[in-house]
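Chain by chain, the residues:
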Amino acid sequence: MSSVAVVPDHPWLLPGTLTRPTTVVRRTPRDWFVDGLCFLLALGWAVLAFGDSLGPEPEFALNAGPSWLNEVDLVLGVWLSAALWLRRRWPVALAVASLPLALFSVSAGAALLILLFTVLVHRPLPISAALTGVHLLTTPVYTMIRPDPVLPFWATMAWTVLIIGALVAWALFVRARRQLVLSLRERADRAEAEQQLRVAQARQLERTRIAREMHDVLAHRISLLSLHAGALEFRPDAPAEEVAKAAGVIRASAHAALQDLREVIGVLRAESGAAETATPERPQPTLGDVPALVAESRAAGVRVGVVDAVADAAAVPPAVGRSAYRIVQEGLTNARKHAPGALVSVQLAGRPGDGLAVEIRNPWPVGEPPAPAIPGTGTGLVGVAERVSLAGGRLEHGRDATGDFRLAAWLPWPAS
């Protein structure tokens, strides 16, 4: 998933390499200002050095060599100062091309230092170290060609090495700072992308949970509706009281199904910021609601036998109890769909520390069903498996050695 990079408040104050590190770098207003300042400094130094050479006592070692060398030095210094406008695109090429000037040119001194600084900041350290070493090697030659009128040879060498060392230290500091900024930006973008991914995963998990709840609830309600409607269909001559009772159950189940469906759709359509103002969900069922679930199935004509051997049902954690309720609900729904008229056995057992065991068993159907089968989504057992897996339990389902269909789950029940 792609993330949107954070735009700085004042990008014109930043170098182009920091505002657009992954695209073609264009000069920002800050870059234009810095490049213009570097050009003026280099050009001013070239003009100052040439003007000093015209005086009776030059201070910049321009009195050595033939007189025409000063004019050539000025032309080369002005040329290299103008070439500084291209230093961001071709810093290494300009630095290498101007290396001969480091042997004798005074006017190009400032421009040479600016080019070396640019390479140190923007290019890999091996290339920067090589160019710095070459500049240091040219220092003795320059000192012999342009001897200082005041300082001895070794003093001039020491000052030159000190100036280059200070320039290297400054450039490495700027380089490290920019790399730190880029690293922090990359980490921020990656953290934002990971946060968006976590939000998407959480949203997907929530949708899966809602779909699972929707299936468990609606499949149970609709299977009850189908059973009661089937009873009315096959007994049109039933007493009016039984017809009225069945119609009342159908109406109540339909209203409950519509309410469940309305809540699920409301959650799916709700905006992320509307959670605080949304209508609270109804309390989720727990293990204590299993008797009511069994009573609904019995009222629909399903024969259900219950063996409850739970040591302390009130102490069952709500999440474990809700999972057990949904497992029983799915087992009863499957029995109504696939084994109508069969005796369904529900067994609950467990204690703190040993876990909670849930088993629903019914005989395997024999022959063709007397009525059209109730259609299903085929995801009921998948949802139960997901629910049990999330709870850290185990699930078994299928036909056992006795020929019965068995749905059994074990859920962890930690000791208090």
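Predicted model, so just to flag it, every value in this text is computed and none were measured. (Residues numbered from 1 in each chain as written. Predicted model: local features only at pLDDT ≥ 70, side-chain atom pairs only at ≥ 80, totals over all residues. Heavy atoms only, no water.)

1. Focus: the pairing of strand β2 (residues 343–351)
Going by this rule: For every residue, the accessible area obtained with a 1.4 Å probe (protein chains only) is divided by the maximum for its type, and the residue is called buried under 20%, exposed over 50%, and partly exposed between those limits. Note on conventions: DSSP H or I runs of at least 4 residues are helices, E runs of at least 2 residues are strands, and numbering of each starts at the N terminus. DSSP-based pairing: two strands are paired if at least 2 bridges between them are found. With its strands directed away from the observer, a crossover is right-handed exactly when the path from the first strand over the helix to the second travels clockwise.
Residues V344, V346, L348 and G350 point to one face of β2 and are all buried, whereas L343, S345, Q347, A349 and R351, pointing to the other face, are not buried. Pairing between strand β1 (residues 303–310) and β2: eight bridges, direction parallel. Paired with V304 across the strands is V344, a residue of β2. With helix α10 (residues 318–338) bridging β1 and its parallel neighbour β2, the resulting β-α-β unit is left-handed. Alignment of β2 against strand β3 (residues 355–363), held across seven bridges, turns out to be antiparallel. Note on β3: the bridge partner recorded for S345 is R361. Linkage of β2 to β3, two consecutive antiparallel strands, is achieved through a turn of three residues, within which G353 is found at a positive phi near 95 degrees.

2. Focus: the packing of aromatic side chains
Filter applied, for reference: Only Phe, Tyr and Trp rings are paired, with Trp represented by its six-membered ring, and only when their centres lie within 6.5 Å; those with planes under 30 degrees apart are stacked, over 60 edge-to-face, the remainder tilted. Comment: the charge-over-ring label is applied if NZ (Lys) or CZ (Arg) is within 6 Å of the ring centre and within 35 degrees of the ring normal.
Inspection of the entire model under this criterion finds five aromatic pairs. Summarising the aromatic geometry, the rings of F39 and W85 are spaced 5.8 Å apart at their centres and angled 45 degrees between planes, so their arrangement reads as tilted. You can see F39 sitting in helix α2 (residues 29–53) and its partner W85 sitting in the loop between α3 (68–83) and α4 (91–97), a full 46 residues away along the chain. A ring pair is formed by F117 and W170, whose centres lie 4.8 Å apart and whose planes are at 45 degrees; its orientation type is tilted. Placement of the pair is F117 in helix α5 (residues 109–122) and W170 in helix α7 (residues 153–234), with a sequence separation of 53 residues. Joined through ring pairs, the aromatic side chains of W32, F39 and W85 make up one cluster. The lysine or arginine in question, R394, covers the ring of W410, its NZ or CZ lying 4.5 Å from the ring centre.

3. Remarks on the nonpolar core
The following threshold applies: Note on terminology: a nonpolar core comprises buried Ala, Val, Leu, Ile, Met, Phe, Trp, Tyr and Cys residues joined through side-chain atoms within 4.5 Å. Throughout, a residue-residue contact means that at least one pair of heavy atoms, one from each residue, lies within 4.5 Å.
Grouped together as the largest cluster of nonpolar side chains are 28 residues, with contacts concentrated most on L287, I327, V328, L356, V358 and I360. Mapped by element, the contributors of at least two residues to this core are α9 (290–299), β1, α10, β2, β3, α11 (380–391) and β5 (404–411). Here this core takes seven residues from α10, the largest share from any one element. Setting aside residues up to four positions removed in sequence, I327 forms contacts with V358, I360, V384, V388, L407, A409 and L411. By size, the runner-up hydrophobic cluster in this structure holds 15 residues, among which are C38, A83, L84 and L112.

4. Remarks on the pattern of salt bridges
To keep it simple, the criterion reads: We count a salt bridge whenever a side-chain nitrogen from Lys or Arg sits within 4 Å of a carboxyl oxygen from Asp or Glu.
Applying the stated criterion across every chain yields a total of 10 salt bridges. The residue R361 makes a salt bridge to E359 at a minimum N-O spacing of 3.5 Å. Where salt bridges share partners, they join R30, D31, D35, R87 and R88 into one cluster.

5. Side note on the confidence of the model for the protein
Basically, it comes down to this: Across the chain, each position has a pLDDT score giving the predictor's confidence in that residue, from 0 to 100.
On average, residues of the protein score 79 in pLDDT, and 76% of them reach the 70 mark or higher. Note on residues 1–7: pLDDT under 50 across the span, and 13 contacts to partners over four residues away in sequence or across chains. Low pLDDT, under 50, characterises residues 272–278; the stretch is placed with zero contacts to residues that sit more than four places away or in other chains.

6. Topic: the packing of α2 against α5
Our working rule: To get an axis, fit a line to the C-alpha atoms, keeping to the stretch in contact for a helix; angles then go from 0 to 180 degrees between the N-to-C directions. Throughout this entry, Asp, Glu, Lys and Arg are counted as charged residues, while Ala, Val, Leu, Ile, Met, Phe, Trp, Tyr, Cys and Pro are counted as nonpolar. The remaining residues, Gly among them, count as polar.
At a minimum axis distance of 7 Å, the contact between α2 and α5 shows a crossing angle of 150 degrees. Of the residues in α5, those in contact with C38, L41, A42 and W45 of α2 are G109, A110, A111 and I114. Looking at side-chain class alone, the contact of α2 with α5 contains seven nonpolar, one polar and no charged residues.

7. Some remarks on the packing of α5 against helix α6 (residues 125–145)
We apply this condition: Comment on the angle field: the value is read as roughly parallel under 35 degrees, roughly antiparallel over 145, roughly perpendicular from 65 to 115, and oblique elsewhere. Crossings are sorted by hand: turned counterclockwise from the far helix by less than a right angle, the near helix makes the crossing left-handed, and turned clockwise it makes it right-handed.
Closest axis-to-axis distance for the α5/α6 pair is 9 Å, and the angle between their directions is 155 degrees. In terms of orientation, α5 lies roughly antiparallel with respect to α6. Once α5 is placed against α6, the crossing between them reads as left-handed. Residues L112, L116, V119 and L120 of α5 form the contact with α6, whose participating residues are I127, S128, L131, T132 and H135.

8. Focus: the environment of R361
Summarising the element assignment, R361 is placed in strand β3. The contacts of R361, once residues within four sequence positions are left out, are L343, V344, S345, D400, T402, D404, F405 and R406.

9. Quick look at the pairing of β5
As paired elements, β3 and β5 share eight bridges and run antiparallel to each other. What sits directly across from R361, in β5, is R406. Summarising the sheet, strand β4 (residues 394–399) and β5 pair through six bridges and their orientation is antiparallel. For E396, the partnering residue across the bridge sits in β5 and is A408.

10. Some points on the sheet that holds β4
Paired through backbone hydrogen bonds, the strands of a sheet run either parallel or antiparallel to each other. Within the open sheet, the five strands sit side by side as β1-β2-β3-β5-β4. Their pairing is mixed. Because the sheet does not close on itself, it has two edges, and the strands there are β1 and β4. Taken over all neighbouring pairs, the strand axes of this sheet differ in orientation by 5 degrees on average, direction set aside.

11. A few points about the environment of V302
Take V302: it is sitting in the loop between α9 and β1. For V302, a relative accessible area of 12% gives the class buried. As a C-alpha pair, V302 and R336 span 34 residues in sequence and 7.2 Å in three-dimensional space.

12. What about α10?
Owing to its 3.6 residues per turn, the α-helix aligns residues three or four sequence positions apart on the same side. Put simply, the test is: By this rule, a helix spans an expected 1.5 Å times one less than how many residues it contains.
Counted at 1.5 Å a residue, the expected span for α10 with its 21 residues is 30 Å, and the 30 Å between its end C-alpha atoms agrees. Taking burial as the measure, the 21 residues of α10 include 17 buried ones, the bulk of the element.

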